[in-house]
Amino acid sequence: MAGIPIVNLSGVLLVTIQEELLDQSVAEFESELTEKVVETRARGVLIDVSVLDIIDSFLARTLHDIAAITSLMAARTVVVGMRPAVAITLVELGLTLPGLSTALSVEEGLSLLTPQPGSSRTALR
């Protein structure tokens, strides 16, 4: 998958989409990311979309699918950095993406994926 780095941060995969993606690249991204979740036994995935001016329906559906797939693999996906105009457009298109967690920044997204002291959350593997 050219151009989309995946970095493991202590069990959370950080993915930074750095440019607009063609549909073929989106499909490759989904496949490689889900394989990386299994390979690293990640508990979470952060997908940073802050550089994207547009999220089309195919990418939106793929992000939703990634969240569903990773959930089945005991990992949680959070999309971070969505621009207001992108969010408005998605809502206007009826693409509210239920079940997909979002955060304004990588730091906020990471805090959603980091177990809090005293929590009894356990993941099935």
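Right, let's walk through the structure included here. Worth saying up front: this structure is predicted, and the values here are computed from it rather than measured. Residue positions within a chain follow its written sequence, with the count starting from 1. Note on the predicted model: pLDDT of at least 70 is required for a residue's local features to be given, and 80 or more for side-chain atom pairs to be given and counted; whole-chain, interface and lining totals, by contrast, use all residues. Where side-chain values are given, they derive from all heavy atoms of the structure, hydrogens and water being excluded.

Salt-bridge detection follows one rule: a side-chain nitrogen of Lys or Arg within 4 Å of a carboxyl oxygen of Asp or Glu. Applying the stated criterion across every chain yields a total of two salt bridges. The partner of Lys-36 in a salt bridge is Glu-39, and the shortest N-O contact between them spans 3.7 Å. With Lys-36 and Glu-39 both in helix α1 (residues 23-40), this residue pair falls three residues apart, about one helical turn. Any residue under 20% of the maximum accessible area for its type is buried, any over 50% is exposed, and the rest in between are partly exposed; the area is computed with a 1.4 Å probe on protein chains only. Accessibility expressed as a relative area gives 26% for Lys-36, which makes it partly exposed. Judged by relative accessible area, which is 60%, Glu-39 ranks as exposed. Only DSSP runs of H or I with at least four residues qualify as helices, and only runs of E with at least two residues qualify as strands; both kinds are numbered from the N terminus onward.

The backbone phi angle of Ser-10 is positive, close to 55°, even though this residue is not glycine. Mapped onto the elements of the fold, Ser-10 is located in the loop between β1 (6-9) and β2 (12-16). In the Ramachandran plot, Arg-41 falls in the positive-phi region, its phi being about 55° despite a non-glycine side chain. Looking at the secondary structure, you find Arg-41 in the loop between α1 and β3 (44-48). Relative accessible area serves as the criterion here: at 52%, Arg-41 is assigned to the exposed category.

Everything listed here is a matter of geometry and, on its own, says nothing about what the molecule does.
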